[in-house]
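# Analysis of the macromolecular model
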Amino acid sequence: MLFVTFKASTRLHIASTAGHTLRSAVGLRKFHGSLKCQEHYLNADEKTFRKIALDPSRTDKAVLVDFYAEWCNPCKTISPLLEKLTSDDTVKTGSGRSLDLVTVDTDKQFVLALKYMIRSLPTVIAFKDGRKVDQFIGALNENEIRQFIAKL
């Protein structure tokens, strides 16, 4: 049985296929579920961001926040990699935590982008226990993202 927790703060078109693909309104950011309940919060607003990334009681998971823009081509490259890794049950942080993914469109959520001093896209910030612990800027390859996750 497939369980997927999918939350979004903006309008989305959801299509189910044999690969269990969920697509955003523009179809550029694809997310897949896994047998383990993974949480992907697409196009999060500030309220959702605070609830998921800044909650100190979420001690069992780390949260990767992908700051992106629809016009950013490197963002379109890294999104499938982040989705793949956060959906994979075998990928854990160095401390053994599973991962949730939050995506923030910097064109729509410019206050969050300013608060976290997002100057280049894509920027991915990792949160643990409600606190920012690390980040990277640019479209890393899958092995580099795995190394980043392992350090958390």
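Going by the structure above, here's the rest.
Cut-offs used in this document
Residues numbered from 1 in each chain as written. Predicted model: local features only at pLDDT ≥ 70, side-chain atom pairs only at ≥ 80, totals over all residues. Heavy atoms only, no water. Helix = DSSP H or I, 4+ residues; strand = E, 2+ residues; numbered from the N terminus. Buried < 20%, exposed > 50% of the residue type's maximum accessible area, 1.4 Å probe, protein only. Contact = heavy atoms within 4.5 Å. Phe/Tyr/Trp six-rings, centres within 6.5 Å; stacked < 30°, edge-to-face > 60°. Pairing = 2+ DSSP bridges. Right-handed = clockwise from strand over helix to strand, strands pointing away. Polar contact = N/O pair within 3.5 Å; in protein donor to acceptor, adjacent residues only side chain to side chain.

### Observations concerning the overall build of the chain
Of regular secondary structure, the chain possesses 4 helices and 8 strands. Reading the secondary structure of the chain in the N-to-C direction produces β-β-β-β-α-β-α-β-α-β-β-α. Within the span of the chain, comprising 152 residues, buried residues form 43% of the whole. Here the contacts in the chain between residues at least 6 apart in sequence split such that 68% fall between residues at least 24 apart.

### Overview of the side chain of D105
Its place among the elements puts D105 in strand 6 (residues 98-105). Discounting chain neighbours no more than four positions away, the residues touching D105 are N43, Y68, A69 and E70.

### Quick notes on the packing of aromatic side chains
Remark: the centre distance and the inter-plane angle together describe each pair of aromatic rings, the angle taken between the planes. Considering all chains together, one arrives at 6 aromatic pairs under this definition. For the pair F49 and F67, a centre-to-centre distance of 6.4 Å together with 55° between the ring planes defines the contact as tilted. Placement of F49 in helix 1 (residues 46-53) and of F67 in strand 5 (residues 61-68) is noted, with a sequence separation of 18 residues between them. As far as the burial class goes, F49 and F67 line up, both buried. Residues F49 and F127 carry aromatic rings whose centres are separated by 5.7 Å and whose planes lie at 85° to one another, so their mutual orientation is edge-to-face. In this pair, F49 is assigned in helix 1 and F127 in strand 7 (residues 123-128), connecting sequence segments 78 residues apart.

### Looking at the pairing of strand 5
Most of strand 5 is tucked away: 8 of the 8 residues are buried. Along strand 5, one buried face is formed by K61, V63, V65 and F67 and the opposite face, lined by A62, L64, D66 and Y68, is buried too. Pairing analysis gives 8 bridges linking strand 5 to strand 6, with the strands arranged parallel. Opposite Y68, over in strand 6, you have D105 as the bridge partner. Handedness of the strand 5-helix 2 (residues 73-87)-strand 6 crossover: right-handed.

### Examining the environment of T93
Examined against the element boundaries, T93 turns out to sit in the loop between helix 2 and strand 6. Sequence spacing of T93 and R146 is 53 residues, and the spatial spacing of their C-alpha atoms is 8.9 Å. Those residues in contact with T93, other than ones at most four positions away along the chain, are A62, L99, I149, A150 and L152. Separated by 3.0 Å, the side chains of T93 and S95 make a polar contact.

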